[in-house]
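Analysis of the macromolecular model
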Amino acid sequence: MTRSVSRGEGAWHRMPPVLGLLCVFALAACASDGSFERESFEAATGDDTPAERAGLGFTREGALERAGPVGDERARQAEAARVVRELWEVAGARGVPGEAWTFDYQVHDGALTLVSFRRTATGQGAGAAVEWSGFSRELTRSLSTLVGVKPRRLRFTLERGSERWRFDLETVRGPVAVHARTVPESLPGASEPLVSDALTVARQLLPASRVPWEGRVHERARLQFEGLRLKPEVELGVFEVQEGSGRRSAPGSADLRMPVVQALLPFSSAVGSRTVEVELEGRHVRGESEPRWRVVAATTLEPAAPPEEMQDIAREYRAMQEEILRHWREEVKDSARLAGVWSFEQLAYWYVGGFIAKGALGAMEAVAPTVVSVLGRGGAKAAQWFRTVLIRTPPAEREALQRIWMKVEAEGLMALKAGEQAELRHILARVEKALHEPLDRQAKKRLRQWARREYFDTVNPRLARELGPLRMEEYEIHHRIPLEYARLFPRMDINQGTNLVAVERTVHRSINRVWESVGQQAQRLDNRQVEALSQVIDQQYGSWFHRVHVPAESASALATAEQNALRAVKGLLAR
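Residues numbered from 1 in each chain as written. Predicted model: local features only at pLDDT ≥ 70, side-chain atom pairs only at ≥ 80, totals over all residues. Heavy atoms only, no water.

**Some remarks on the overall build of the chain**
Under the convention used in this document: By the criteria applied, helices consist of DSSP H or I runs no shorter than four residues and strands consist of E runs no shorter than two, each listed in order from the N terminus. Relative accessibility decides the category of a residue: with a 1.4 Å probe and only protein chains considered, values under 20% of the type maximum give buried, values over 50% give exposed, and everything between is partly exposed. The criterion used for residue contact is that any of the two residues' heavy atoms lie within 4.5 Å. In these tables, accessible area is a Shrake-Rupley quantity obtained with a 1.4 Å probe, and a residue counts as shielded only by the protein chains included in the view.
Counting secondary structure elements, the chain contains 20 helices and eleven strands. Counting across all 575 residues of the chain, residues that qualify as buried make up 54%. Intrachain contacts of the chain at a sequence separation of at least 6 include 80% that bridge at least 24 residues. Of the accessible surface of the chain, which amounts to about 25,400 Å², a share of 50% is contributed by carbon and sulfur atoms.

Okay, here's the thing in structure tokens:
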């Protein structure tokens, strides 16, 4: 019996174009409740905590700021000891003379992530028993030094002699495995949920009643790992009888699953969603009451590369995944404390990358259609927009989203309980609703603070250098589409660089007076009217945008610009 298995593309490619890339929620504007407020740095910071102020920035070149020192020599030795145990569980404990195996690991700074293994030669007979202590002694002692810290692909070769295993280690060619960890850890043993997952999967993989008496069968299947968990669904592929008539089958028991379970568990110490293709052999030997099952080959399939516009998201997202899994393994599950060491931009890359990679957009569409439509824009702009959303999201909702999504990263969407699923839907619905509501005072304050830092750090650092620290305090950041009208532009990142303008304080006060002239009609404006008013401001005040300005030298010109703008606004509102 043969069932074909087709190779699926990565989650980055499976999304329909309208859903496939990213961006997310909220906006902002340049005003506040009622009159337009002054946007100086001091007024913007207010009562923010130091951690909140630090988190408003963004990372340089995707560098992840870790919570503390990681990856010391003890962790590297623990990595080496774990690899020795994996070699033993898969091959060493059951090997017979003449048997040979290869194991490929990705190495990065001493972290060792299993990529694949394969039995390259079958053995026969029953040589002297090999004890674990003898197997591990020499290899454990020297392995952490031999593997080094340089990123590379290493191959362990094991050959079984009559009395012991012989080992070899070499560097081999191969792409850098995207699922590999980059920081060595003292990983705990397999969790109870993971062992339960593996037992469930092994039950599906072992059709024991179909192993011919004194015969051999071969089976191939694909499994899905999600964070620290193994999904229960199995994609069965080829199953064939290679020896034996098939007229009589060898009986089996639940104990037959353990060699399979032990071969699957090493693949859990990787990052993200991944597909592992396994090959199993079932053999019944004359004189034995039950068949023997072994995983004789397994490999983590390399996912298709994300589209070019998604590569920055994918890179940052994977770095966040590893950090989360590391803390989850250590049972540091206080999401608010853990996420507090990351910037809003890092969190944004993590969220939008996760929504796409885990196929969550379809489930989100019913409660957050605007959010889903914006996610389809793609690229870094999506994460930058979502960063704006996080800045304006109330802390309680932000912490709840962090807590739920960290569990999804560690254990998959399947791990969410009914109450957690309902809570996630509620949060997304609130975000959707907030996109169409006026910003509150706290959200405006946060967005102004970030806009100032963003502008002088990245949009126009040249002007920052020209002004210098002291004179820079005389300049404020003008939102061309004001924060007051963010609700009219739910798909726009109102804090994007093209919407930010640095102007000297007296110029900004003049601009605010023009916007304030709208008066009671402000609540009735639509998005086209706001855009038209913004264009009037651009036309009259554009000569002062992004430039060093001496107020005394252009007081008359500024007064004229204000009068012209007021007349133009009055004319637009009278139509």
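**Points about the pairing of strand S9 (residues 292-300)**
Here is the key point about a regular strand: its side chains alternate between the two faces of the sheet. We count it as follows: Any two strands between which DSSP finds at least two bridges are classified as paired.
Taken across its nine residues, S9 has seven buried, putting it largely inside the fold. In this sheet, S9 lies alongside strand S2 (residues 111-121) in antiparallel orientation, the contact comprising three bridges. For Ser116, the partnering residue across the bridge sits in S9 and is Thr299. The sheet contact formed by strand S8 (residues 273-283) and S9 spans eight bridges and is antiparallel. The residue of S9 that forms the bridge with Val278 is Ala298.

**Here we look at the pattern of salt bridges**
When charged atoms on two side chains of opposite charge get close, those side chains can pair. In plain terms, the rule: Each reported salt bridge corresponds to a side-chain nitrogen of Lys or Arg within 4 Å of a carboxyl oxygen of Asp or Glu.
Under the definition given, this model contains 32 salt bridges. In this structure, the salt-bridge partner of Arg85 is Glu89, at a minimum N-O distance of 3.8 Å. Of this pair, Arg85 and Glu89 both sit in helix H4 (residues 73-92), four residues apart, which is roughly one turn of the helix. For Arg85, a relative accessible area of 36% corresponds to the partly exposed category. Residues Glu279 and Arg118 are paired through a salt bridge, measuring 3.2 Å at the closest nitrogen-oxygen approach. Highlighted residues: Glu279 in strand S8 and Arg118 in strand S2, separated in sequence by 161 residues. Arg118 gets classed as partly exposed once you look at its relative accessible area, which sits at 40%. Sharing partners across several salt bridges, the network here consists of Glu79, Arg82, Glu86, Arg181 and Glu185.

**Digging into helix H17 (residues 461-472)**
Stated formally: The length a helix should cover is 1.5 Å for every residue beyond the first.
In this model H17 runs just 11 Å from its N-terminal to its C-terminal C-alpha over twelve residues, more than 12% under the 16 Å that 1.5 Å per residue would give. Within the sequence span of H17, burial applies to Leu463, Ala464, Leu467, Gly468 and Met472. Of the surrounding elements, those touching the buried residues of H17 are helix H16 (441-459), strand S10 (475-479) and strand S11 (500-504).

**Regarding the environment of Leu488**
Looking at the secondary structure, you find Leu488 in the loop between S10 and S11. Since its relative accessible area comes to 19%, Leu488 is described here as buried. Residues Leu488 and Glu437 lie 51 residues apart in sequence; the distance between their C-alpha atoms is 8.5 Å. Leu488 has contacts with Leu525, Asp526, Asn527 and Val530, leaving out every residue within four places of it along the chain.

**Quick notes on the packing of aromatic side chains**
Heads up, the condition is: Only Phe, Tyr and Trp rings are paired, with Trp represented by its six-membered ring, and only when their centres lie within 6.5 Å; those with planes under 30 degrees apart are stacked, over 60 edge-to-face, the remainder tilted. Two conditions define a charge sitting above a ring: the NZ of Lys or the CZ of Arg must be within 6 Å of the ring centre, and it must be within 35 degrees of the ring normal.
Evaluation of the coordinates by the stated rule reveals 17 aromatic pairs. Ring geometry for Phe103 and Phe117: centres 5.4 Å apart, planes at 35°, overall tilted. With Phe103 in strand S1 (residues 100-108) and Phe117 in strand S2, this pair connects stretches of sequence that are 14 residues apart. For the pair Phe103 and Phe117, one class covers both residues: buried. Arranged with centres 6.1 Å apart and planes meeting at 50°, the rings of Tyr541 and Trp544 form a pair that is tilted. Three or more aromatic residues joined by ring pairs form one cluster here, namely Trp350, Tyr351, Phe355, Phe386 and Trp405. The ring of Trp132 has Arg85 sitting right over it, with the charged end atom 3.8 Å from the ring centre.

**Details of the environment of Arg491**
To keep it simple, the criterion reads: A 3.5 Å cut-off defines polar contacts: any pair of N or O atoms within that distance qualifies, except that in protein one atom must be a possible hydrogen donor and the other a possible acceptor, and neighbouring residues in sequence count only when both atoms are side-chain atoms.
By the secondary structure assignment, Arg491 is in the loop between S10 and S11. Sequence separation between Arg491 and Thr370 is 121 residues, and the spatial gap between their C-alpha atoms is 7.2 Å. A distance of 3.1 Å separates the side chain of Arg491 from the side chain of Ser373, its partner in a polar contact.

**What to know about the nonpolar core**
Applied cut-off: Residues belong to one nonpolar core when they are buried, are Ala, Val, Leu, Ile, Met, Phe, Trp, Tyr or Cys, and are joined through side-chain atoms within 4.5 Å.
Counting residues in each nonpolar core, the largest one holds 78 residues, and the members touching the most others are Trp350, Tyr351, Met364, Tyr485 and Tyr541. Counting residues per element, this core draws most heavily on helix H10 (residues 344-357), which supplies ten residues. Dropping the residues within four chain positions of it, Trp350 is found in contact with Tyr317, Met320, Ile324, Gln402, Trp405, Met406 and Glu409. Grouped together as the second largest cluster of nonpolar side chains are 50 residues, Leu87, Leu158, Leu206 and Val276 included.

**Some words on unusual backbone geometry**
In this model, Asp109 sits at a positive phi of 55°, which is unusual for a non-glycine residue. Checked against the element boundaries, Asp109 lands in the loop between S1 and S2.

**Here's the deal with the packing of helix H13 (residues 380-392) against H16**
So the rule is basically this: A fitted line through C-alpha atoms serves as each axis, taken over the contacting stretch for helices, and the angle formed by two N-to-C directions is quoted from 0 to 180°. Angle categories: roughly parallel below 35 degrees, roughly antiparallel above 145, roughly perpendicular from 65 to 115, and oblique for all the rest. Helix crossings get a hand from a simple test, with the near helix turned counterclockwise from the far one by less than a right angle marking a left-handed crossing and a clockwise turn marking a right-handed one. In this count, Pro and Cys sit with the nonpolar residues alongside Ala, Val, Leu, Ile, Met, Phe, Trp and Tyr, while Asp, Glu, Lys and Arg are called charged and the others, Gly among them, polar.
At a minimum axis distance of 8 Å, the contact between H13 and H16 shows a crossing angle of 140°. With respect to H16, the element H13 is oriented oblique. Every pair of crossing elements has a handedness; the one defined by H13 and H16 is right-handed. Listed contacts from H16 to Arg387, Thr388, Ile391 and Arg392 of H13 are Ala443, Arg446, Leu447, Trp450 and Glu454. A breakdown of the residues in the contact of H13 with H16 according to their chemical character gives four nonpolar, one polar and four charged.

**Let's talk about the packing of helix H14 (residues 395-411) against helix H15 (residues 418-434)**
With their axes 10 Å apart at the nearest point, H14 and H15 run at an angle of 135° to one another. By the criterion of interaxial angle, the relationship of H14 to H15 is oblique. In this structure, H14 meets H15 at a crossing whose hand is left-handed. Judged by residue contacts, Glu397, Ala400, Leu401, Arg403, Ile404, Trp405 and Lys407 of H14 engage Glu420, Glu423, Leu424, Ile427 and Arg430 from H15.

**As for the pairing of S11**
Counting buried residues in S11 gives five out of five residues, a clear majority hidden from the surface. Neither face of S11 is open: one carries Leu500, Ala502 and Glu504, the other Val501 and Val503, and all of them are buried. Relative to S11, S10 runs antiparallel, the two being bridged by five bridges. Within S11, the position partnered with His479 by the bridge is Leu500.

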